[in-house]
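# Observations on the model geometry
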Amino acid sequence: MQSTTYNRRDMLKLGGALVLGSALSAKAAQNNTSAPKPDRPITAVVLGAGSRGNRYASYSEKYPDELKIVGVAEPIDLRRERFSKRYNIPEKYQWVTWEHALEIPKFADALIITTPDALHYGPAMGGLALDYDMILEKVVAQTWQECNDILKLAKKQDRIVAVCHVLRYSPYFRKLKEIMDSGILGNVTSIQHKEKVEHVHMSHSFVRGNWRNKAESNPMILSKSCHDLDILRWLIGKSCLHLSSFGSLKHFRAENAPKGSTPRCTDGCAVEAECPYSALRIYYRNRTWLHHMDLPQSGDQGPAILEHLKNGQYGRCVYHCDNDVVDHQIVAMQFENQITATFNMEAFTSKPGRETHVMGTMGDVVGDEHVLTTTDFRTGQETVWDVRDHVDSLSGHGGGDYGLVHDFVRAVDRHDESLLTSNIEASMESHLMGFMAEKSRLNNGTSIKIELDI
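All of these numbers come straight from a predicted model, not from anything done at the bench.

In this structure, strand β8 (residues 188-196) lies alongside strand β12 (residues 353-360), joined through eight bridges in antiparallel fashion. Among the inter-strand pairings, K194 is bridged to a residue of β12, identified as E355. Pairing between β12 and strand β13 (residues 363-367): four bridges, direction antiparallel. Pairing of T356 across the sheet is with G367, part of β13. Where β12 folds back onto β13 in an antiparallel hairpin, the turn is made up of two residues.

Structure (structure tokens):
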């Protein structure tokens, strides 16, 4: 373990507790490779100009010498027009669909594929056939066979596919892995990991929103929590041998609708004022979770929000939607070297975030995505590392979004996928864990042996 340093703020708060060293600057936290920046900007075409596409593309605004956005495919006119204006994209490189973008010969270095889950397979296969490298938003595809198809074509074409398992690139989880690999905990024996989705996030994304239905997206364990299965696999550094899973859609069902509720929150619902999932409360009165609505960029947004709620998907009663993904799920896993892990996905929490407890024979570490507290059983010494002390600013996913793009442009520049921790081959096992967890859940928690054959 690296030497410890003292932090005055934490000394005052914690009565003399030591702070784990290896302080990371803002730039260093984003950097997990020694590769220099490219000699010229890597050029990229964004397929899907929604929230995720805009997030990755925005890296080019902060680091224009590393990434340049040169094309976009987006079926929603307003999004395509705004995106094209923002990145000065010529009209000839603006398309309605990803198919149109791939009808012409390759003209950029890479694709950034941030289409809906059900539209990952087509553009990935088409882009690889044209010899594009790519950032591919998770989940890779909707079936294990489709994931394998993409992997095999990437190998055949010798292309780089960076899967958006962005937690691997965040300073917090990189620090947690550093602690686990340092030996300070002795031999790791088990991990307890929890994802608190938060009740409003659940209603927005997984009841009303784009990830509510398995046929249109993926099971919850993949569409939301493949991040978590992947981070467990990466932290442990060993293969999962067996797993078992339980979970269900318990609450957001028609039979649980309160008396007096209506199909839409704007239809005169008798319980709207007291409902925690009221669309009028969330979107109109509180003006939160608006990033999936295409609203005016200036002036009063209220009328446009109300129009969305009266006619769009986000105005529907959460008890009268076509959702079928679970609202709570647990997975129990047996890894190599007798390491066990449990994962809980919980919708009904007041706040979002992830909590992790890693237990070893000589110490343990507890974290909440901000602070990591390590205890050495041999000395009783408690050490603390706070990401907010070491990183000036963070992009989405605790810095992981920009961290991924940072490493991707260097990997493409040097044609070296080892500069990525989440290339497609490295990401396959956690995807398989997700597919098998859903299979176990649908079979009353049957224990399933994980056999990776790629």
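Anyway, onward from the coordinates.
Tallied over the full model, the rule gives 13 aromatic pairs. On the basis of an interplanar angle of 90° and a centroid distance of 5.3 Å, the ring pair of Y59 and Y402 is categorised as edge-to-face. Of this pair, Y59 sits in helix α4 (residues 59-62) while Y402 sits in helix α16 (residues 400-414), placing them 343 residues apart in sequence. Grouping residues by exposure puts Y59 and Y402 together as buried. Between F83 and Y87 the ring centres are 4.8 Å apart and the planes differ by 50°, which places this aromatic pair in the tilted class. Through pairs of rings, three or more aromatic residues link up here, namely F252, Y277, Y319 and F348. The ring of Y284 has R287 sitting right over it, with the charged end atom 5.1 Å from the ring centre.

The subject of this paragraph is unusual backbone geometry. With an omega of 0°, the peptide bond running from K138 to V139 counts as cis. If you trace the backbone, V139 turns up in the loop between β6 (133-136) and α8 (144-157). Positive phi, normally seen in glycine, also occurs at N337, with a value near 65°. When you line up the elements, N337 lands in the loop between β10 (328-335) and β11 (339-346). Look at Q338: it is not a glycine, yet its phi comes out positive at around 60°.

Turning our attention to the side chain of H165. On the secondary structure map, H165 appears in the loop between β7 (161-163) and α9 (171-182). Take H165: its relative accessible area is 1%, and that puts it in the buried class. For H165, the side chain forms a polar contact with the side chain of D230, separated by 3.2 Å. Separated by 3.3 Å, the side chains of H165 and S427 make a polar contact. Not counting chain neighbours up to four residues away, the residues in contact with H165 comprise K138, C226, H227, D230, S422, S427, S430 and H431.

With that settled, consider the pattern of salt bridges. Following the criterion strictly, the structure yields 30 salt bridges and no others. Note that E178 is salt-bridged to K175, the shortest N-O span being 2.8 Å. On the criterion of helical spacing, the pair formed by E178 and K175 is a turn pair, its members being three residues apart in helix α9. On the basis of relative accessibility, which here comes to 31%, the residue E178 falls in the partly exposed class. Across the pair D322 and R316 runs a salt bridge, and its minimum N-O distance is 3.3 Å. Overlapping salt bridges bring together E195, K224, D228, R354 and E369 as one network.

Judged by pairing direction, the sheet is parallel, and its six strands sit side by side in the order β4-β3-β2-β5-β6-β7 without closing on themselves. Single-partner strands in this sheet number two, and they are β4 (94-95) and β7. Bridge count between strand β2 (residues 42-47) and strand β3 (residues 67-73): six bridges; the pairing is parallel. In the strand pairing of β3, T43 is matched with K68. Strand contacts of helix α5 (residues 77-86): β2, β3 and β4, with the helix running at about 155° to β3, the strand carrying the most contacts. Against the sheet, α16 contacts β2, β3, β5 (110-113), β6 and β7, and its axis sits at roughly 165° relative to β6.

About the criteria used
- Residues numbered from 1 in each chain as written.
- Predicted model: local features only at pLDDT ≥ 70, side-chain atom pairs only at ≥ 80, totals over all residues.
- Heavy atoms only, no water.
- Pairing = 2+ DSSP bridges.
- Helix = DSSP H or I, 4+ residues; strand = E, 2+ residues; numbered from the N terminus.
- Phe/Tyr/Trp six-rings, centres within 6.5 Å; stacked < 30°, edge-to-face > 60°.
- Buried < 20%, exposed > 50% of the residue type's maximum accessible area, 1.4 Å probe, protein only.
- Lys NZ or Arg CZ within 6 Å of the ring centre and 35° of its normal.
- Polar contact = N/O pair within 3.5 Å; in protein donor to acceptor, adjacent residues only side chain to side chain.
- Contact = heavy atoms within 4.5 Å.
- Salt bridge = Lys/Arg side-chain N within 4 Å of Asp/Glu carboxyl O.
- Axes fitted to C-alpha atoms, helices over the stretch in contact; angles between N-to-C directions.

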